[in-house]
Amino acid sequence: MQVAVISDVHGNLEALQAVLLDVESCKAQEMVCLGDSVGYGADPEAVVAELRKRQVPSILGNHELGLRDPSMLEWFNPPTMKSLLITRQLLSAETMEYIEGLEPTMVWREALLVHGSPPDSVTTYLFELSRRELMGIMGSMEQQLCFTGHTHQLEIIRFDGIHLEISPLQKGPCLLRRDCKYIVNVGSVGQPRDGDNRAKYVLWDPEEGVIEARFVPYDIASAAAKILEKGFPSINATRLW
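Residues numbered from 1 in each chain as written. Predicted model: local features only at pLDDT ≥ 70, side-chain atom pairs only at ≥ 80, totals over all residues. Heavy atoms only, no water.

A. Region of the structure containing the overall build of the protein. When helices and strands are counted, the protein shows eight helices and eleven strands. Relative to its length of 241 residues, the protein is compact, with a C-alpha radius of gyration of 17 Å against a globular reference of 18 Å. In terms of overall dimensions, the protein has C-alpha extents of about 50 × 40 × 30 Å along its principal axes. Counting over 241 residues, the protein shows a buried share of 54%. Taking the contacts inside the protein whose residues are at least 6 apart along the sequence as the reference set, 72% of them involve residues at least 24 apart. Summed over all atoms, the accessible surface of the protein reaches about 10700 Å², with 51% contributed by carbon and sulfur. Positive and negative side-chain charges of the protein, numbering 22 and 33 respectively, have mean locations separated by a distance of 4 Å. (Helix = DSSP H or I, 4+ residues; strand = E, 2+ residues; numbered from the N terminus. Rg over C-alpha atoms; globule rule 2.2 N^0.38 Å. Buried < 20%, exposed > 50% of the residue type's maximum accessible area, 1.4 Å probe, protein only. Contact = heavy atoms within 4.5 Å. Areas by Shrake-Rupley, 256 points an atom, 1.4 Å probe, with all protein chains shown as cover. Lys, Arg positive; Asp, Glu negative; His and termini not counted. Charge placed at Lys NZ, Arg CZ, Asp CG, Glu CD.)

In structure tokens, the structure reads:
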């Protein structure tokens, strides 16, 4: 059993299509999405449509929250706020209805899915939390494993009940110890911010307790050109490189 865990596609259709091909090549049987399928990128409608066509279970990201709750717009910086206003114009009424129905958390095959931070925060970044706060959160987590996104950086946090270890999630398989709890940040499909411009996601084998970070090249030039053509802030395009 292989589950593909993706996050932060951010309207980047080229990156999503490349990841979907990689997922198929790995013969993953299931896929889940941790939110922020929209925002920044030029094809939010097509991205959501593709995920819905494939019946990918998805949760609420902070960009979806900003779209359905206008009072949240002030939480974003000016370029991101502008991106969300443009994104809203590119979405159909049907897609907005779908976004309205997204939940902030989900338990999938005994793993907790949340966009920002467990137990249920859509907006909290993991790097905002102190080690003491993380130990408290993980100590009270019912699940052994939680997948998050939001920071656009691959990361793994391990807690054995006493010691907390935070490290980048490297390429290749990683065995999860049964006597520890984990928070795994699966990175970003559509806008990585870790110095490597390939699309990122994680394969998870819940039966074997193994995760694997995947790095997928895609047509960045096409994605960046469309961002500029549709009037998004130029930083949305330059960040892809």
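B. Structural detail: the environment of phenylalanine 232. Summarising the element assignment, phenylalanine 232 is placed in the loop between helix 7 (220-229) and helix 8 (234-238). A sequence separation of 122 residues divides phenylalanine 232 from glutamate 110, and the C-alpha atoms of the two residues are 39 Å apart. Apart from the residues within four sequence positions on either side, phenylalanine 232 is in contact with Tyr40, Gly41, Ala42, Ser83, Ile86, Thr87, Leu90 and Ile227.

C. Broad picture of the sheet that holds strand 10 (residues 199-205). Read across the sheet, five strands follow the order 2-1-10-11-8 without closing on themselves; strand pairing throughout is mixed. Looking at the sheet topology across the chains shown, the edges are occupied by strand 2 (30-33) and strand 8 (172-175). Averaged over all pairs of adjacent strands, the angle between strand axes in this sheet comes to 25 degrees, irrespective of strand direction. Bridge analysis of strand 1 (residues 3-6) against strand 2 gives four bridges, and the strand direction is parallel. Among the inter-strand pairings, valine 3 is bridged to a residue of strand 2, identified as glutamate 30. The strands that helix 1 (residues 13-25) touches are strand 1, strand 2, strand 10 and strand 11 (210-216); relative to strand 10, the one it contacts most, it runs at about 30 degrees. (Pairing = 2+ DSSP bridges. Axes fitted to C-alpha atoms, helices over the stretch in contact; angles between N-to-C directions.)

D. Molecular detail of the packing of helix 2 (residues 44-53) against helix 5 (residues 93-100). Packing of helix 2 against helix 5 brings their axes to within 11 Å, and their N-to-C directions diverge by 65 degrees. With respect to the hand of their crossing, helix 2 and helix 5 are arranged in left-handed fashion. When helix 2 is examined against helix 5, the residues Glu45, Val48 and Arg52 are found in contact with a partner set consisting of Glu94, Thr95 and Tyr98. Its residues placed into classes, the contact of helix 2 with helix 5 shows two nonpolar, one polar and three charged. (Left-handed = near helix turned anticlockwise from the far one by under 90°. Nonpolar A, V, L, I, M, F, W, Y, C, P; charged D, E, K, R; others polar.)

E. Expanded view of the packing of aromatic side chains. Across all of its chains, the model carries three aromatic pairs by this definition. Ring geometry for tryptophan 75 versus phenylalanine 76: centroids 4.9 Å apart, planes at 90 degrees, classification edge-to-face. (Phe/Tyr/Trp six-rings, centres within 6.5 Å; stacked < 30°, edge-to-face > 60°.)

F. Region of interest: the side chain of serine 7. Tracing the backbone shows serine 7 in the loop between strand 1 and helix 1. The exposure class assigned to serine 7 is buried, which follows from its relative accessible area of 0%. A distance of 2.6 Å separates polar atoms of two side chains, one belonging to serine 7 and the other to aspartate 8. Leaving out residues up to four positions away in the same chain, serine 7 has contacts with Leu34, Gly35, His115, Gly149, His150, Val186, Gly187, Ser188 and Val189. (Polar contact = N/O pair within 3.5 Å; in protein donor to acceptor, adjacent residues only side chain to side chain.)

G. Representation of the pairing of strand 7 (residues 164-167) in the model. Here four bridges tie strand 6 (residues 154-159) to strand 7, and the two strands are oriented antiparallel to one another. Considered in strand 7, the bridge of phenylalanine 159 is made with leucine 164. In this antiparallel pair of consecutive strands, strand 6 and strand 7, the connection spans four residues, and glycine 161 shows a positive phi of 100 degrees.

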